[in-house]
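# Observations on chain architecture
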Amino acid sequence: MVTQCWELAGGTWALYTENANLEAAALQAGLRPMAVYSKHGRVKAKQFCGEAEAVKAVAKVQVPFAPFNSYANEFGEEVKLAGPKVKKACAACGRALEASTNRQEYCDRCRARARKQAVRERVARYRQRCRDVTL
Ligand SMILES: [Zn+2]
């Protein structure tokens, strides 16, 4: 059961789909989001409702299958974990880098070295401040 539709009441129908590619078609047809089904925190399916004709038309749309690639909280609301990747240059070597968060500065190659350098500098400052006990 990937996509299914049934009558709710008074000409309003519900559309259930496990196909993420059908979501755009459903929204474009004017269907309203109704419910998010999740399993172990991952979105498994979505349900929409709307006019009988619109729901039946969307149910017939042929699109390749794709699972929902998102997460849901304990209230069944969809949550976004990471936004779109930001293209920037590595602060150390300047190579192109697709950052998954705004704070990401270094590419995979430079990250470990940059972290070690930061630790070295921080510890040196700490020793200057607190550990200079020579009298
Ligand atoms: Zn780099």
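Residues numbered from 1 in each chain as written. Predicted model: local features only at pLDDT ≥ 70, side-chain atom pairs only at ≥ 80, totals over all residues.

### Topic: the overall build of the protein chain
To be explicit about the condition: We count a stretch as a helix when DSSP gives it H or I for four or more residues in a row; a strand needs E for two or more, and each element gets its number in order from the N terminus. Think of it as a crowd count around each C-beta: if 20 or more other C-beta atoms lie within 10 Å the residue is buried, if 12 or fewer it is exposed, and in between it is partly exposed, with C-beta placed from the backbone throughout. Residues are treated as contacting if the C-beta atoms built from their backbones sit within 7 Å of each other.
Helix and strand counts for the protein chain stand at 3 helices and 8 strands. Counted from the first residue to the last, the protein chain has its helices and strands arranged as β-β-α-β-β-α-β-β-β-β-α. Taken along the three principal axes of its C-alpha coordinates, the protein chain extends 90 × 30 × 25 Å. In the protein chain, which comprises 135 residues, the proportion classed as buried is 13%. A separation of at least 24 residues holds for 47% of the contacts in the protein chain among residues at least 6 apart in sequence.

### Describing the pairing of strand β7 (residues 86-89)
Worth spelling out the cut-off: Strands were regarded as paired on the criterion that DSSP finds at least two bridges between them.
Note that β7 and strand β8 (residues 96-99) share 4 bridges and pair antiparallel. Bridge pairing in β8 links A89 to A96. In textbook terms, the turn of a hairpin is the stretch between consecutive antiparallel strands, and for β7 and β8 this stretch comprises 6 residues, one of which, G94, has a positive phi near 85°.

### A short note on the environment of Y106
Looking at where Y106 falls in the secondary structure, it is placed in the loop between β8 and α3 (108-130). Overall, the presence of 18 C-beta atoms within 10 Å leaves Y106 in the partly exposed class. Sequence separation between Y106 and A89 is 17 residues, and the spatial gap between their C-alpha atoms is 7.8 Å.

### What to know about the domain arrangement of the protein chain
Interface size is commonly expressed as the accessible surface area that is lost when the partners come together. Here is the rule we go by: Note that the domain bounds reflect an automated or database-derived domain assignment.
Domain boundaries assigned for the protein chain yield domain 1 (3-79) and domain 2 (86-130). Computed over C-alpha atoms, the centres of domain 1 and domain 2 are 43 Å apart.

### Let's talk about the nonpolar core
Short version of the rule: A set of buried residues qualifies as a nonpolar core if it consists of Ala, Val, Leu, Ile, Met, Phe, Trp, Tyr and Cys joined through C-beta atoms within 7 Å.
Counting 9 residues, the largest nonpolar core consists of C5, W13, L15, L22, A26, L31, F48, V55 and V58. Where this core is concerned, the elements lending two or more residues are β2 (12-17), α1 (21-28) and α2 (52-60). Here L15 is in contact with C5, A26, L31, Q47, F48, V55, V58 and A59, once residues within four sequence places are set aside.

### Notes on the environment of P33
By the element assignment, P33 lies in strand β3 (residues 32-39). Discounting residues that sit within four places of it in the chain, P33 has contacts with K46 and F48.

### Focus on the pairing of β3
By the bridge criterion, 7 bridges tie β3 to strand β4 (residues 42-51) in an arrangement that is antiparallel. Across the sheet, the residue bridging to R32 is C49, located in β4. What sits between β3 and β4 in their antiparallel hairpin is a turn of 2 residues, with H40 showing a positive phi close to 50°.

### Here's the deal with unusual backbone geometry
The backbone phi angle of H40 is positive, close to 50°, even though this residue is not glycine. By secondary structure assignment, the location of H40 is in the loop between β3 and β4. Classification of H40 by C-beta neighbours within 10 Å gives exposed; the count is 7.

### Focus on the environment of A52
By the element assignment, A52 lies in helix α2. C-alpha separation for the pair A52 and C130, spaced 78 residues apart in sequence, amounts to 73 Å. If we ignore the near neighbours within four places in the chain, the residues touching A52 are G11 and W13.

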